[in-house]
Amino acid sequence: MNIQWYPGHMTKAKRMMQEDMKLIDIVIELLDARVPISSRNPDIDVLASHKYRLVLLNKCDLADDKVTAKWEAYFKEKQIMAVTVNARDGKGMKNIITKIQEACKEKMERDRKRGILNRPIRAMIVGIPNVGKSTFINSFAKKSCTKVGNKPGVTKGKQWIRINKNVELLDTPGILWPKFEDDMVGEHLAFIGSINDEILQKTELSCELIEFLKINYPKCLSDRYQVDEEMKASDILERIAKNRGCLLKGNELNYEKAAGILLEEFRNGKLGKISIEQPV
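Model, not experiment: these values are computed from the prediction.

What counts, and at which threshold
- Position numbers for residues start from 1 in each chain and track the written sequence from start to end.
- Selection of residues for local features in this predicted model requires a pLDDT of at least 70, selection of side-chain atom pairs for listing and counting requires 80 or more, and totals for whole chains, interfaces and linings are taken over all residues.
- Heavy atoms from the whole structure form the basis of all side-chain values; hydrogens and water molecules are not counted.
- Numbering of helices and strands starts at the N terminus; helices are DSSP runs of H or I of at least 4 residues and strands are runs of E of at least 2.
- For this measure, only C-alpha atoms enter the radius of gyration; the expected value for a globule follows 2.2 Å times N^0.38, where N is the number of residues.
- Relative accessibility thresholds used throughout: buried, under 20% of the residue-type maximum; exposed, over 50%; partly exposed, between the two (1.4 Å probe, protein chains only).
- Surface accessibility follows the Shrake-Rupley procedure with a 1.4 Å probe radius. Residue values consider only the protein chains on display as shielding.
- Charged residues are defined here as Lys and Arg on the positive side and Asp and Glu on the negative side; His and the ends of the chain fall outside this count.
- The location of each charge is read from NZ of Lys, CZ of Arg, CG of Asp or CD of Glu.
- Strands qualify as paired when DSSP identifies two bridges or more between them.
- In this description, a line fitted to the C-alpha atoms serves as the axis of each element, helices being fitted only across the stretch in contact, and the angle between N-to-C directions of two axes falls anywhere from 0 to 180 degrees.
- Throughout, a residue-residue contact means that at least one pair of heavy atoms, one from each residue, lies within 4.5 Å.
- How sure the predictor is of each residue is captured by pLDDT, a score from 0 to 100.
- Each Phe, Tyr or Trp ring, with Trp reduced to its six-membered ring, pairs with another whose centre is within 6.5 Å; inter-plane angles below 30 degrees give stacked pairs, above 60 give edge-to-face pairs, and intermediate values give tilted ones.
- For a ring to carry a charge above it, either NZ of a lysine or CZ of an arginine must fall within 6 Å of the ring centroid while also lying within 35 degrees of the normal to the ring plane.
- Any angle that is under 35 degrees is reported as roughly parallel, and any over 145 degrees as roughly antiparallel; angles of 65 to 115 degrees are reported as roughly perpendicular and all others as oblique.
- When two cysteine sulfur atoms are found within 2.5 Å, that pair is recorded as a disulfide.

K.L.:
Could you give me a rundown of the overall build of the protein chain, with the residues and numbers involved?
P.N.:
The helix and strand tally for the protein chain stands at eleven helices and six strands. A compact globule built from 280 residues should have a C-alpha radius of gyration of about 19 Å, and the protein chain, at 20 Å, falls within 12% of that. Expressed along its principal axes, the backbone C-alpha trace of the protein chain runs to roughly 75 × 40 × 35 Å. Here the protein chain holds 280 residues, and 50% of them are scored as buried. Of the accessible surface of the protein chain, which amounts to about 14100 Å², a share of 48% is contributed by carbon and sulfur atoms. A distance of 9 Å separates the average location of the 48 positive side-chain charges in the protein chain from that of its 39 negative side-chain charges.

See the structure below:
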């Protein structure tokens, strides 16, 4: 599947982010723990090339724990500071202030030598759409600062949030990049809901997800939908449509609705803890 999505507002958001880089000390990039490579925007590496960096593997509650441990080792090997978090329940959040200060220790030492005391570290929060930035910020700040939604594009503009006397955050809209060179990237981002569902062929996408699950997490399918994982993907989707009463007029099966159910239940963890990507 060749999936591409780069609406015009993302170009504006990228320009705004580029302008704001001069205001901040560190870039905190949220990734989806299920797809850490596909959810890394390569444009961020260019924009933040001269800034301190911290990577957060968010939504770890939805990812396979064993695979997430491999990703932690992967980033450590590449000397990238990474923390596994679940912004919804607060897992890993206590470590973040320490990690920010650790990443910015050179800057803090320079400030101290110049007699600049008590100046807060300014951090920019970046990430692709629907990776959980707003939920993270609200959890980190321990108050509702941003609008939260489970679809891409909820955060429209920038805003500063004061965490404490030591850290201030600049929230930014979720942005993708103009072209996915690898078709698998678009597919993986569509699986997790970072691409606008309205442009997707959900039936085809759900069959691709079923094929992945058949190979890697077959028990998830059989446990949830009472299907034989040896069945063809299209037959499994048909069984889901029948079992969930997905019907059109004339009792014709509504495959589009069944596909939507499968994708939604994968995205919210009802199929179990599933990682789409593994380090190589």
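Additional details are given in the paragraphs that follow.
K.L.:
Which residues make up the sheet that holds strand S1 (residues 26-32), and what values go with them?
P.N.:
Sheet architecture is open: six strands sit in the order S3-S2-S1-S4-S6-S5, paired in mixed fashion. Two strands close off the open sheet at either side, each with one partner strand: strand S3 (82-84) and strand S5 (159-162). Across the sheet, the axes of successive neighbouring strands diverge by a mean angle of 25°, strand direction being ignored.

K.L.:
So, the pairing of S5: which residues are in play, and what are the values?
P.N.:
Direction of pairing for S5 relative to strand S6 (residues 167-171): antiparallel, over a ladder of four bridges. Each residue of the ladder has a partner; that of Ile-161, found in S6, is Leu-169. Hairpin geometry of S5 and S6 is characterised by an intervening segment of four residues between the two adjacent antiparallel strands.

K.L.:
Pulling in residues and values, what's your account of helix H6 (residues 133-141)?
P.N.:
For H6, the tally of buried residues reaches seven of nine residues, placing the bulk of the element in the interior. Along H6, the residues classified as buried are Lys-133, Ser-134, Phe-136, Ile-137, Asn-138, Phe-140 and Ala-141. In this structure, the buried residues of H6 make contact with S1, strand S2 (52-58), helix H4 (96-103), strand S4 (121-127), S5 and S6. The positive-phi residue at the C-terminal boundary of H6 is Lys-142, with phi of around 60°.

K.L.:
So what about the confidence of the model for the protein chain? Which residues, and what values?
P.N.:
Of all residues in the protein chain, 94% have pLDDT values of 70 or greater, and the mean over the chain is 92. Confidence over residues 147-156 falls short of pLDDT 50; this stretch has 23 contacts with residues more than four positions distant or in other chains.

K.L.:
Residue-level account of the packing of aromatic side chains, with values.
P.N.:
Here the distance between the centres and the angle between the planes together describe a pair of aromatic rings. Under the criterion given, the structure shown has six aromatic pairs. Consider the rings of Phe-136 and Phe-140, whose centres lie 5.3 Å apart with planes at 25°: the pair is stacked. Placement of the pair is Phe-136 and Phe-140 together in helix H6, with a separation of four residues, close to one helical turn. We note that Phe-136, like Phe-140, is buried. Between Trp-177 and Phe-180, the ring centres sit 5.0 Å apart and the planes meet at 75°, which makes this aromatic pair edge-to-face. With a relative accessible area of 2%, Phe-180 lands in the buried category. A cation sits over an aromatic face here: Arg-122 above Trp-160, 4.0 Å from the ring centre.

K.L.:
Outline the packing of helix H8 (residues 202-216) against helix H10 (residues 233-243), supporting the account with residue identities and numerical values.
P.N.:
Taken N-terminus to C-terminus, the directions of H8 and H10 make an angle of 110°; their axes are 9 Å apart at the nearest point. Taken together, H8 and H10 sit at an angle that is classed as roughly perpendicular. Every residue of H10 that contacts H8 at Thr-203, Ser-206, Cys-207, Ile-210, Glu-211 and Lys-214 is listed here: Ala-233, Ser-234, Ile-236 and Leu-237.

K.L.:
Before we move on, could you go through the state of the cysteines and cite the residues and values that matter?
P.N.:
Scanning all chains against the criterion turns up zero disulfides. Not part of a disulfide, Cys-207 finds its nearest cysteine sulfur in Cys-246, a span of 13 Å.

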